[in-house]
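# Results of the structural survey
Chain by chain, the residues run as shown.
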Amino acid sequence: MLRSGARHPDADDTATPVASTSTSKVRAPEEEAQDLYNKLNEYLLLEHKFQPRLCLPAESKNAEVTTGARDGAAHVLRCLKAWYDLPPEVLINAINLFDRFLTKMKVRPCHVPCITVSCMNIALEQFAHDTNTKRSISVEELVSISQSACTAGDVCRMSRVIVDKLSLVAGCTVSALDWLRLLRGMLLLHAEQLGIELPGLSSEQELVHLLEIVSCDAACVNARTSELTLVLLYHKLEQQLSEWSASNGVESEHAYYLYDFARQLQVHCHMCDTSLGACRARVRHVVSRYERCEARRDQRQRLVWRLSERTLKVLRPTDRLTSLLPTIEEQHFQVDVTPTRNRSGSESSENEETSDWPRSPVLPVYCDN
């Protein structure tokens, strides 16, 4: 489905020839920093290509897709990711495909479910191509679990439309997750050169979780990918710096060097102070709202199963069943109308009229002999 073409920017390290592996040794920090900056310049050249520019209304007036419908589609993609235990690359790419397609095309709200599943289908193919693995989830399974009210053929046709409209090329994708890993590597390398330990950035899973949260919210969809990832990194750093200042206040010099490095990245990536400040405010608002909902345990996706009329006729009607049974009173039983018969002595079982045994259904046969 995807067109073959340029390779992924990160594929040069995984697909190197055998001759280069023999010379791969521990490189100097200067060489690693130069490689990271080269990759940063490459990402900057491709950033505008994968940047969505959505302008969705809050309320639908002329049968338009709203921001609520967009966020609903993003949460459906996240539920599919959790259901199949997919890697975060698939979710981030699927959300990016959905936003870029809605940026370029005007769609109707009834087509949003099919577009959502199609973006997940394309993201699965991209991940299988980039990692050189076999795809394990079929289109039929995606349609069945997502309950998108479309068929596998509809998803395949819509996937081809998305690939054509976005001019997708296999192996050439720079997502927000790629930016996050790149800037995190640069920040950790800079901290290592200064002799600073950053336990807040040691776990990549927490940063990826924050990236998934802000990616599913329409408030952060139009932010530059470089600005968004830089804000997420320093959001975690601020939590660590607050712990340092609360403990002994000795690490203030480390904070100066870390923020100075952030300033250098801002200048190198041509980030405006106004847009960076606005992105920081939106990210803080989304993360704080998520943390409040998580504290109340309200942020739980409930699956809604839609059943057809034919399925409802087959299923057992359980809507009128109750767990409380009425009390059984003995006086409501009627007296048995069959009169009791008192036995006096022994009775022969050969007497069919008075026998207590059930009568045999076999009729006797009499012979003339």
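Residues numbered from 1 in each chain as written. Predicted model: local features only at pLDDT ≥ 70, side-chain atom pairs only at ≥ 80, totals over all residues. Heavy atoms only, no water.

### Notes on the packing of helix H4 (residues 67-84) against helix H10 (residues 204-215)
Applied cut-off: Here, axes are lines fitted to C-alpha atoms. For helices the fit covers the stretch in contact, and angles between N-to-C directions go from 0 to 180 degrees. Runs of E in the DSSP output that reach at least two residues are strands. Runs of H or I that reach at least four are helices, and both are numbered from the N terminus. For this analysis, residues touch if any pair of their heavy atoms sits within 4.5 Å. Gly is put with the polar residues, along with every residue not named as nonpolar or charged; the nonpolar set is Ala, Val, Leu, Ile, Met, Phe, Trp, Tyr, Cys and Pro, and the charged set is Asp, Glu, Lys and Arg.
Here H4 crosses H10 at 145°, and the two axes come no closer than 10 Å. Judged by residue contacts, Arg70, Arg78 and Lys81 of H4 engage His209, Glu212, Ile213 and Ser215 from H10. Taken together, the residues of the contact of H4 with H10 sort by class into one nonpolar, two polar and four charged.

### Brief notes about the confidence of the model for the chain
Using the following cut-off: What pLDDT expresses is the predictor's confidence in each residue, scored from 0 to 100.
Per-residue pLDDT for the chain has a mean of 79; in total, 74% of the residues score no lower than 70. Mean pLDDT values for the elements of the chain range from 39 in helix H2 (residues 18-22) up to 95 in helix H5 (residues 88-104).

### A short note on the pattern of salt bridges
Here is the rule we go by: Salt bridges are identified by distance alone: a Lys or Arg side-chain nitrogen within 4 Å of an Asp or Glu carboxyl oxygen. Throughout, exposure labels follow a simple rule: accessible area from a 1.4 Å probe, protein chains only, divided by the maximum for the residue type, with under 20% read as buried, over 50% as exposed, and the rest as partly exposed.
Taken as a whole and assessed by the stated rule, the structure comprises 15 salt bridges. With a shortest N-O distance of 2.9 Å, Arg181 and Glu89 are connected by a salt bridge. Of this pair, Arg181 sits in helix H9 (residues 176-194) while Glu89 is found in helix H5, placing the two residues 92 residues apart along the sequence. Under the relative-accessibility criterion, Arg181 is labelled partly exposed at 34%. Where Glu204 meets Arg184, a salt bridge forms, and the shortest distance between an N and an O atom there is 3.7 Å.

### Here we look at the packing of aromatic side chains
Note the cut-off: Here a pair means two rings of Phe, Tyr or Trp (six-membered ring of Trp) with centres within 6.5 Å. Their orientation is stacked below 30 degrees between planes, edge-to-face above 60, and tilted elsewhere.
The tally for this structure, following the rule as stated, stands at two aromatic pairs. A ring pair is formed by Tyr234 and Tyr259, whose centres lie 5.6 Å apart and whose planes are at 40°; its orientation type is tilted. Here Tyr234 is found in helix H11 (residues 225-247), whereas its partner Tyr259 is found in helix H12 (residues 252-268), with 25 residues between them in sequence. Tyr234 gets classed as buried once you look at its relative accessible area, which sits at 8%.

### Brief notes about the environment of Glu32
Within the element layout of this structure, Glu32 appears in helix H3 (residues 29-46). Separated by 154 residues in the primary sequence, Glu32 and Met186 place their C-alpha atoms 9.0 Å from one another. Excluding residues that lie within four positions of it along the chain, Glu32 makes contacts with Arg27 and Leu189.

### Things to note about a nonpolar patch on the surface
The condition is simple: Put simply, a patch holds well-exposed residues, over 30% relative accessible area, that have no salt bridge, with like charges counted together within 9 Å and Val, Leu, Ile, Met, Phe, Trp or Tyr side chains within 5 Å. The Shrake-Rupley method, run with a 1.4 Å probe, gives the accessible areas here. Residue values count only the displayed protein chains as cover.
A cluster of nonpolar side chains, contributed by Trp83, Trp305, Leu307 and Leu312, occupies part of the molecular surface with about 470 Å² of accessible area. Residue position: Trp83 is located in helix H4.

### Considerations on unusual backbone geometry
For residues other than glycine, phi is negative in most cases, and the peptide bonds are mostly trans. The phi dihedral of Gln147 is positive, around 55°, even though this residue is not glycine. Note on placement: Gln147 falls in the loop between helix H7 (139-146) and helix H8 (152-166). Here the phi dihedral of Ser167 falls at roughly 55°; this positive angle occurs in a residue that is not glycine. The residue Ser167 is located in the loop between H8 and strand E2 (169-170) in this model.

### Description of the environment of Ala152
Mapped onto the fold, Ala152 is located in helix H8. Between the alpha carbons of Ala152 and Glu141 there is a distance of 8.9 Å; along the sequence they are eleven residues apart. In contact with Ala152, not counting residues within four places along its chain, are Val139, Glu140 and Val143.

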